[in-house]
Amino acid sequence: MRAGLDRRAMATLSGGHFAVDFASGAVPALLPFFVLEFDLSYTATAVLMLSVLVSSSLLQPLFGLWSDRRGALWLLPAGVAVAGVGTGLAAIAPSYWLVLPLVFAGGIGLAAFHPEGAKFASYASGRKRASGMSLFNIGGNSGYALGPIVVTPLVLWLGLAGGLVAMLPVVVAAVLLQRLLPALRPLVPDIPERDAVHGRDDLRAMTLLSVVIALRSVAWFGLLTFVPLWVVANGGTEGEGNRELSLMLVAGAVGTLVLGPVADKVGLRRTLLLTQVALPLLIVVFVAVGGVVGTIALMLVGLCVVGTFGITMVLSQLYLPRHVGMASGLSIGLAMGLGGIAAVALGGVADAVDLETALYVGAAAPAVGAAFCVLLPRPVPWRRVPEPVSAM
């Protein structure tokens, strides 16, 4: 294991993460405009998010398995390119039934990038894994936050074609990332070093962690889908709704930088538990109080959720030390995807009852997740077999 952080490699990985998640962050910002364009119900809107989640999340463990067995650096630029092209074409699709497969295709790009990217980020992080993963995630979280900020004014100006224009820099980033791949290859540890990792995969702990992530994701993807629509339902505009969404995501990016070093000092599990406990109350304040106080509560939700993405990623890699790519695919992909699928049910609640009730139901999920947090075992830090000292 490296003693220190490889800053140049981390900048490359974080930049690719920025680009691929910028494409992903554009999708929630496009939803209010799709609702107007195609006269969608809450359930149909949630199905669009489901389409992204099925491809971007549920397929990630397969890419993670591929990453662990073969290694596939080319997935990094390819993933960025597919995410940008799929999302851009979805923005100009003439019907809802074309938007669905195109955002699904864009999600495949996300699924391809994340396991390989997270694995190489772990190689580049050195011994401070939470801090290193925070730097990797700040790229993705910043890109996701910037997506609505860039896409909303472009769509208001150019119509939905503005979504396509916003994706052009993502394709350029994919080309640049392809050119930088040779600098990442030296990070791969040689085979004897990789085989020297101590510890066994703890499937029980990984299952508990996956439940925590899934329950957190129910609330998170519910907010991503319905925050702009909640603002519109309460008399605001689409632009004001996306502003609230952007503030939540920007606060999440800040949380990535704050909570990573905190977790290195006070502990991964303790940091995760405290944020999970805070989430239900913060969501209730956003819905029930509103105004400036509600906006601040929503920003703190972003800090607590997005700021702990890196923490859950590190925990997953520590629980599955022999399958780091698979661990990333499970934590970023499958667990979040299952939570996102459950969040689609919130669209049904919103249609059957009302949107306020759906948001309150979503707030209950992380409260249950906090109970599972308490059951998480202490992870065993990565150790390697010391090389034998040769006799002189």
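Criteria and cut-off values
Residues numbered from 1 in each chain as written. Predicted model: local features only at pLDDT ≥ 70, side-chain atom pairs only at ≥ 80, totals over all residues. Heavy atoms only, no water. Salt bridge = Lys/Arg side-chain N within 4 Å of Asp/Glu carboxyl O. Helix = DSSP H or I, 4+ residues; strand = E, 2+ residues; numbered from the N terminus. Buried < 20%, exposed > 50% of the residue type's maximum accessible area, 1.4 Å probe, protein only. Phe/Tyr/Trp six-rings, centres within 6.5 Å; stacked < 30°, edge-to-face > 60°. Arc of directions from axis to C-beta. Polar contact = N/O pair within 3.5 Å; in protein donor to acceptor, adjacent residues only side chain to side chain. pLDDT = per-residue confidence, 0-100. Contact = heavy atoms within 4.5 Å. Expected span 1.5 Å × (residues − 1). Bend = angle between axes of the 7 residues up to and from the residue. Core = buried A, V, L, I, M, F, W, Y, C linked by side-chain atoms within 4.5 Å. Axes fitted to C-alpha atoms, helices over the stretch in contact; angles between N-to-C directions. Parallel < 35°, antiparallel > 145°, perpendicular 65-115°, else oblique. Left-handed = near helix turned anticlockwise from the far one by under 90°. Nonpolar A, V, L, I, M, F, W, Y, C, P; charged D, E, K, R; others polar.

A short note on the pattern of salt bridges
Step number 1: Considering all chains together, one arrives at 2 salt bridges under this definition.
Step number 2: Ionic pairing is found between Lys119 and Glu116, a salt bridge with its closest N-O pair at 3.6 Å. Taken together, the residues span about one helical turn, with Lys119 and Glu116 both in helix α5 (residues 96-125) at a distance of 3 residues.
Step number 3: With relative accessibility at 6%, the residue Lys119 sits in the buried group.
Step number 4: For Glu116, a relative accessible area of 1% gives the class buried.
Step number 5: Note that Glu244 and Arg243 form a salt bridge whose closest N and O atoms lie 3.8 Å from each other.
Step number 6: Among the residues examined, Arg243 registers a relative accessible area of 47% and is labelled partly exposed.

Here we look at the packing of aromatic side chains
One pair of aromatic rings is described through two measures. These are the centre distance and the angle between the planes.
Step number 1: Under the criterion given, the structure shown has 7 aromatic pairs.
Step number 2: Consider the rings of Tyr42 and Phe226, whose centres lie 6.0 Å apart with planes at 85°: the pair is edge-to-face. Of this pair, Tyr42 sits in helix α2 (residues 42-58) while Phe226 sits in helix α9 (residues 203-233), and the two are 184 residues apart along the sequence.
Step number 3: Taking relative accessible area as the criterion, Tyr42 reaches 25% and is therefore assigned partly exposed.
Step number 4: Feature note: the residues Phe63, Trp66 and Trp74 constitute an aromatic cluster, connected by ring pairs.

Points about helix α15 (residues 355-374)
Step number 1: Within the sequence span of α15, burial applies to Leu355, Ala358, Leu359, Gly362, Ala363, Ala365, Pro366, Gly369, Ala370 and Cys373. Along the axis of α15, the buried positions cluster into a sector of 150°, meaning they face one direction only.
Step number 2: One side-chain oxygen at the N-terminal end of α15 lies 3.3 Å from the backbone nitrogen of Glu356; it belongs to Asp354.

Overview of the confidence of the model for the protein chain
Step number 1: For the protein chain, the average pLDDT comes to 86, and 90% of its residues sit at 70 or higher.
Step number 2: Between residues 192-196, whose pLDDT stays under 50, and residues either more than four places distant or in other chains, the model counts 10 contacts.
Step number 3: Scored below 50 in pLDDT, residues 384-392 shows 8 contacts in the model against residues more than four places distant or in partner chains.

Concerning helix α11 (residues 268-288)
Step number 1: Relative to the 30 Å expected for 21 residues at 1.5 Å per residue, α11 spans 31 Å between its end C-alpha atoms, a close match to the ideal helical length.
Step number 2: The largest bend along α11 reaches roughly 30° and is located at Leu279, with the proline Pro280 sitting one to four residues downstream.
Step number 3: Within the span of α11, buried status applies to Leu268, Thr271, Leu272, Thr275, Gln276, Leu279, Pro280, Leu282, Ile283, Phe286 and Val287.

Concerning the nonpolar core
Step number 1: The biggest cluster of nonpolar side chains holds 114 residues, and the ones touching the most others in it are Phe34, Leu48, Phe136, Leu184, Trp220 and Leu224.
Step number 2: A total of 17 residues in this core trace back to one element, the largest contributor, which is α9.
Step number 3: Leu48 has contacts with Leu31, Phe34, Leu40, Tyr96, Val99, Leu100 and Val103, leaving out every residue within four places of it along the chain.
Step number 4: Counting residues in each nonpolar core, the second largest holds 5 residues, with Ala72, Leu75, Ala111 and Ala112 among its members.

A word on the packing of helix α1 (residues 7-38) against helix α4 (residues 75-91)
Step number 1: At a closest axis distance of 10 Å, the pairing of α1 and α4 adopts a crossing angle of 15°. Judged on the interaxial angle alone, α4 and α1 are roughly parallel. Crossing hand, α1 versus α4: left-handed. Of the residues in α4, those in contact with Leu13, Gly16, Ala19, Val20, Ala23, Ala26, Val27, Leu30 and Phe34 of α1 are Leu76, Gly79, Val80, Ala83, Gly84, Thr87, Ala90 and Ala91.
Step number 2: The residue makeup of the contact of α1 with α4, split by class, is 13 nonpolar, 4 polar and no charged.

Here we look at the side chain of Ser246
Step number 1: Locating Ser246 in the fold gives a position in helix α10 (residues 238-266).
Step number 2: The residues contacting Ser246, other than those within four sequence positions of it, are Ala145, Pro148 and Ile149.

A short note on the packing of α9 against α15
Packed helix pairs are characterised by how far apart their axes lie and by the angle those axes make with each other.
Step number 1: Closest axis-to-axis distance for the α9/α15 pair is 8 Å, and the angle between their directions is 160°. Comparing their axes, α15 and α9 come out roughly antiparallel. Note that α9 runs across α15; the crossing there is left-handed. When α9 is examined against α15, the residues Leu208, Val211, Val212, Leu215, Val218, Ala219, Gly222, Leu223, Phe226, Leu229 and Trp230 are found in contact with a partner set consisting of Leu355, Glu356, Leu359, Gly362, Ala365, Pro366, Val368, Gly369, Phe372 and Cys373.
Step number 2: A breakdown of the residues in the contact of α9 with α15 according to their chemical character gives 17 nonpolar, 3 polar and 1 charged.

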